Amino acid sequence: LYPQPNFSPTSNHCCAPRMRRTLALGVACISVASAPSAAALVSPITRKRHRPEALRLMPDGAWSYGASSEFLWGGSLSPTPIKAKPPRKHAQRKNKPSKSKQRSQGVARDRPYSSVIEALRTYHSIHGDLVIPRRFVIPQSEEYPTKWHGVDLASTVYDMRWWQRHVKSNPERVEELNKLGFVWDRLQPEWNLVLQALMTYSALNDGNVMVPASFVVPYGDDSYPKATWGIPLGNCVHRIRVRGDFLTGQNSMPRRKQLEGLGFVWDANEHAFMRVFRALKHFRKLEKEKARGTAREYRILRVPSTFVVPSGEDSGWPEDLWDLQLGAKCSAIRQKQLYVKNNPERRRALEELGFQWSGNATLGWLEVIHAAAIYSRLHGRNLDVPARFVVPAPSYASADKINGFTSSELSQYPDEEEWPWPEHLWGLSLGQRLKDIRLNGAYLKGDSASSRRAQLDALGFNWTPKRGRKKRVCT
């Protein structure tokens, strides 16, 4: 309530009727000088600033922080209670221990040696050794002492700090642990164990270090050091490749050189693509050798969808390509853009090999309809092809009758350049393909079935040929 100069409670200079009614109740005009300062407008409870209209004068001369409307309209003069805000949620989260702290809470390095050896003896009596799996948590069973329930036993004993505190200066304890089969090699850093496991894997797989992601060093396999049993080697290799685990700090470069000395693959996607690419090149080479003595030259790279690279020394395939599902890989490249997504160089390399992006079924139909169009043109728009008809090559022109063509018909094309059949169709079993269309509906499935039927009808295709043997003409 800030009065104007020459202000009177009964005058009409009040700015609003509400103000006149307020003054009529006997409220004294308060000067600006008697009002609290800006610093006093800060609540001592909530530590927040209040607007001037939220202040009211109590009968004892003290200022109250609350709604002015209650005071002006005859409300209670008791101060308005201020509710305390509930604590924030993130403040509660801070009290929750982190994952690393939770794991450390399950480790009992500070427990006396007598208690630890008791737990180890119990484990040895149950399992027969001390090859404790990593992250092994003692179950809540009667065999183990109650105070050890829920404790990570492996992380407790196979730790250099525990060894230095309880075992280092006690030869009798070393002898006691040896009798139980304590695996001392597990006290060394985890990197050394991972490297040992990777070297063993490479030696057992002829230098191959492409470890499957799900591979875990098996327990009881004497081919691997006992300290490496149970290491998730595939996961470790993946984390080294993707996140650079174990490759930080001063040991980064020496460890990288160790891995490169083993033939470590840093780009798994490039390695997988090159393996498929080499398999396609070898497949093309073998198919060309098969087609060398025939009429049809192999040009288009067509791998059956179910083709798997054969294994064995007599297969003619490199050993590192054995059992590769090459047909499934080609289908994935076409349909899911495997290895070639956002990589035009790989697409170009595949196309130079003769790789077709439309798929084997579409390629087969294009060959059939192309050969059928040529046959229909040569036979006066009549597409009644014998079942044994094979597209001829120019070298066959010396016979009297080849694949349904007489010598007079073949003599119309004395030069190979005028030969009506393109080279990529030579040797195509057109008669059998059309028979499969007629009897089994080959190539006539899906959305393009009606359009393909129309193409065959336009070429004069005979859907219902006469059955039975042809009658011989007696001369």
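Residues numbered from 1 in each chain as written. Predicted model: local features only at pLDDT ≥ 70, side-chain atom pairs only at ≥ 80, totals over all residues. Heavy atoms only, no water.

A.B. asks: How do you make sense of the nonpolar core when you look at a structure like this?
C.D. replies: In globular proteins that are soluble, nonpolar side chains generally tend to be buried together. Of all hydrophobic cores here, the largest spans 48 residues; its most connected members are L120, I132, L153, V157, L198 and L233. Looking at this core, the elements with two or more residues in it are α5 (113-127), α6 (153-157), α8 (171-180), α9 (190-204) and α10 (233-243). For this core, the element with the most residues is α9, which contributes seven residues. Ignoring sequence-local partners within four residues, the contact set of V157 consists of V116, L120, I132, W162, F182 and L187. Of all hydrophobic cores here, the second largest spans 24 residues; its members include V385, V391, L434 and F461. (Core = buried A, V, L, I, M, F, W, Y, C linked by side-chain atoms within 4.5 Å. Buried < 20%, exposed > 50% of the residue type's maximum accessible area, 1.4 Å probe, protein only. Helix = DSSP H or I, 4+ residues; strand = E, 2+ residues; numbered from the N terminus. Contact = heavy atoms within 4.5 Å.)

A.B. asks: Where do I start with unusual backbone geometry in this structure?
C.D. replies: Both trends apply: most residues other than glycine have a negative phi, and most peptide bonds are in trans. In this model, R135 sits at a positive phi of 60°, which is unusual for a non-glycine residue. Mapped onto the elements of the fold, R135 is located in the loop between α5 and α6. You will see that D323, though not glycine, has its phi angle at about 65°, which is positive. Among the structural elements, D323 can be located in the loop between α12 (268-291) and α13 (326-336).

A.B. asks: Even after reading the chapter, I still don't get α5, so can you show me in this structure?
C.D. replies: Spanning 15 residues, α5 covers 21 Å between terminal C-alpha atoms, matching the ideal 21 Å at 1.5 Å per step. Those residues of α5 not exposed but buried are Y113, S115, V116, I117, A119, L120, T122 and Y123. Remark: G128 follows α5 within two positions and exhibits a positive phi of approximately 85°. (Expected span 1.5 Å × (residues − 1).)

A.B. asks: I keep staring at the pattern of salt bridges and nothing clicks. Help me out?
C.D. replies: Oppositely charged side chains can pair when the atoms bearing their charge come close. Tallying each qualifying case throughout the model produces ten salt bridges. Across the salt bridge formed by D245 and R239, the nearest N and O atoms sit 2.6 Å from each other. The residue E270 makes a salt bridge to R346 at a minimum N-O spacing of 2.4 Å. Here the residue E270 occupies a position in helix α12, and R346 occupies one in helix α14 (residues 344-353), the gap between them amounting to 76 residues. Judged by relative accessible area, which is 8%, R346 ranks as buried. Through salt bridges with shared partners, a single ionic network connects R239, R243 and D245. (Salt bridge = Lys/Arg side-chain N within 4 Å of Asp/Glu carboxyl O.)

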